[in-house]
Amino acid sequence: DTGVSQDPRHKITKRGQNVTFRCDPISEHNRLYWYRQTLGQGPEFLTYFQNEAQLEKSRLLSDRFSAERPKGSFSTLEIQRTEQGDSAMYLCATADSYTDTQYFGPGTRLTVL
Amino acid sequence: DAKTTQPNSMESNEEEPVHLPCNHSTISGTDYIHWYRQLPSQGPEYVIHGLTSNVNNRMASLAIAEDRKSSTLILHRATLRDAAVYYCILRDEAKTSYDKVIFGPGTSLSVIP
């Protein structure tokens, strides 16, 4: 257990539905990253927050995806109008500003039917 | 970002040492070599990192070639719990701000009882 928690751990949804995932970081970590991982591949970067500011978004993050980190604590990742291609593991990682060693949560596995 | 090359898969017998190689011929002077591993159904976890000198911690050892174009992660006695995908990653520590982790496909390590 790294101290980073994600909820839910698994989500099954039908195509076209909206889903939201939550990440709770290690309390003193001001940096928060979201990654997506498909089967057999390494995680791919989606977006980054420094405190409450979203400083970078990957081109993988289409208009259907939105992420927030209100008050610089927990973060949410929302996918609107889900598609089957969105099926993946969504990983959250947090880090402090000194080492930037990233600690990953267990991930949320999304299955879109 | 500089790239790394790793074998797709390796096997080891339980309780024997494992040497996981990584090539990074285009490494720059400020790139640190990081290793993460990902156990089944979990998020990646940090293992070790180094710049030029060999490094040891409770999880593993990192041996870095003198020219820094390759490195080897050493697990001294493989256990069944070490079966995971191991990622070798370069991170530019000269960056003063955040740095997303760019994962390749990694090496899938199987441990045989």
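Criteria and thresholds
Each chain has its residues counted from 1, following the order in which its sequence is written. Chains and ligands are labelled by the order in which they are written, letters from A for the one and numbers from 1 for the other. pLDDT decides what is reported in this predicted model: residues at 70 or higher carry local features, side-chain atom pairs at 80 or more are listed and counted, and totals for whole chains, interfaces and linings draw on all residues regardless. To get the side-chain values, all heavy atoms of the structure are used, and hydrogens and water are removed first. One bridge is not enough; two strands pair if DSSP finds at least two bridges between them. Labels follow the DSSP assignment, with helices taken as runs of H or I lasting at least four residues and strands as runs of E lasting at least two, numbered in each case from the N terminus. Angular values range over 0 to 180 degrees, each being the angle between N-to-C directions of two axes fitted as lines to C-alpha atoms, with helices fitted over their stretch in contact. A carboxyl oxygen of Asp or Glu within 4 Å of a side-chain nitrogen of Lys or Arg is what we treat as a salt bridge. Exposure classes here rest on a 1.4 Å probe applied to the protein chains alone. A residue is buried below 20% of its type maximum, exposed above 50%, and partly exposed in between. Contacts are assigned to residue pairs with any non-hydrogen atoms lying within 4.5 Å of each other. We call two N or O atoms a polar contact when they sit within 3.5 Å, provided that within protein one can donate a hydrogen and the other can accept it, with sequence-adjacent residues counted only if both atoms are side-chain atoms. Just so you know the grouping, Ala, Val, Leu, Ile, Met, Phe, Trp, Tyr, Cys and Pro go in nonpolar, Asp, Glu, Lys and Arg go in charged, and all remaining residues, Gly too, go in polar. We call Phe, Tyr and Trp rings a pair once their centres come within 6.5 Å, taking the six-membered ring for Trp, and we label the pair stacked below 30 degrees between planes, edge-to-face above 60, and tilted otherwise. Whether a charge sits over a ring depends on NZ of Lys or CZ of Arg being within 6 Å of the ring centre and within 35 degrees of the ring normal.

Participant: Tell me what's going on with the sheet that holds strand β4 (residues 45-50) of chain B, and back it up with residues and numbers.
Facilitator: Residue and element names in this part refer to chain B. A sheet is described by the order of its strands in space; here five strands give the open sequence β1-β9-β8-β3-β4, paired in mixed fashion. Two strands in the sheet have a free side with no partner beyond their single neighbour: β1 (9-13) and β4. The mean angle between the axes of side-by-side strands here comes to 25°, regardless of whether they run parallel or antiparallel. Sheet topology places strand β3 (residues 31-38) next to β4; five bridges connect them, and they run antiparallel. Considered in β4, the bridge of His34 is made with His49.

Participant: Can you break down the pattern of salt bridges residue by residue, with the values?
Facilitator: On inspection of all chains with the given rule, the structure shows six salt bridges over all chains. Asp24 of chain A is paired through a salt bridge with Arg22 of chain A; the nearest N and O atoms lie 2.7 Å apart. Overall, the relative accessible area of 34% leaves Arg22 of chain A in the partly exposed class. In this structure, Glu15 of chain B and Arg77 of chain B form a salt bridge, with 3.5 Å as the shortest nitrogen-oxygen distance. On the criterion of sequence distance, the pair formed by Glu15 of chain B in the loop between β1 and β2 (18-23) and Arg77 of chain B in the loop between β7 (70-75) and β8 (84-92) is long-range, its members being 62 residues apart. Overall, the relative accessible area of 51% leaves Arg77 of chain B in the exposed class.

Participant: Tell me about the interface of chain B and chain A, and name the residues and values.
Facilitator: At the junction of the two partners, chain B supplies 18 residues and chain A supplies 19 residues. There are zero salt bridges connecting chain B and chain A. Across the contact surface, chain B and chain A share three residue pairs in polar contact (both at pLDDT 80 or more). Elements with a contribution of two residues or more to the side of chain B that touches chain A: β3 and β8 of chain B. Among the residues forming the side of chain B that touches chain A, the class breakdown is eight nonpolar, seven polar and three charged.

Participant: Now, about the packing of aromatic side chains: what can you tell me, with residues and values included?
Facilitator: To describe a pair of aromatic rings, one takes the distance between the centres and the angle between the planes. What the rule picks out here adds up to eleven aromatic pairs over all chains. Their ring planes at 75° and their centres at 6.1 Å tell us that Tyr35 of chain A and Phe45 of chain A sit as a pair that is edge-to-face. Note that Tyr35 of chain A is positioned in strand β4 (residues 31-37) and Phe45 of chain A in strand β5 (residues 44-50), a separation of ten residues in sequence. Classification of Tyr35 of chain A as buried rests on a relative accessible area of 0%. Phe45 of chain A gets classed as buried once you look at its relative accessible area, which sits at 8%. A centroid spacing of 6.0 Å and a plane angle of 80° characterise the contact between Tyr36 of chain B and Tyr46 of chain B, whose relative ring orientation is edge-to-face. Pair noted here: Tyr36 of chain B is in strand β3 and Tyr46 of chain B is in strand β4, with a separation of ten residues, a long-range link. Residue Tyr36 of chain B is classed as buried on the basis of its relative accessible area, which comes to 0%. A relative accessible area of 21% places Tyr46 of chain B in the partly exposed class. The ring of Phe74 of chain A has Arg22 of chain A lying over it, and the distance from NZ or CZ to the ring centre is 3.9 Å.

Participant: Help me get a handle on the side chain of Gln38 of chain B, residues and values and all.
Facilitator: Position of Gln38 of chain B relative to the elements: it lies in strand β3. In this structure the side chain of Gln38 of chain B is engaged in a polar contact, spanning 2.8 Å, whose partner is the side chain of Gln37 of chain A. Only 3.1 Å separates the side chain of Gln38 of chain B from the side chain of Tyr87 of chain B, close enough to count as a polar contact.

Participant: A description of the sheet that holds strand β1 (residues 5-7) of chain A should follow, citing residues and the corresponding values.
Facilitator: Pairing between the strands of a sheet is mediated by backbone hydrogen bonds and can be parallel or antiparallel. Residues and elements named next belong to chain A. The strand order across the open sheet formed by four strands is β1-β3-β8-β7, and the pairing between neighbours is antiparallel. The open sheet is flanked by β1 and β7 (65-68), the only strands paired with a single partner. Shown here is a sheet whose adjacent strand axes are inclined to one another by a mean of 15°, direction ignored. In the sheet, β1 pairs with strand β3 (residues 19-24) via three bridges, with the strands oriented antiparallel. Its bridge partner lying in β3, Ser5 is registered against Asp24.

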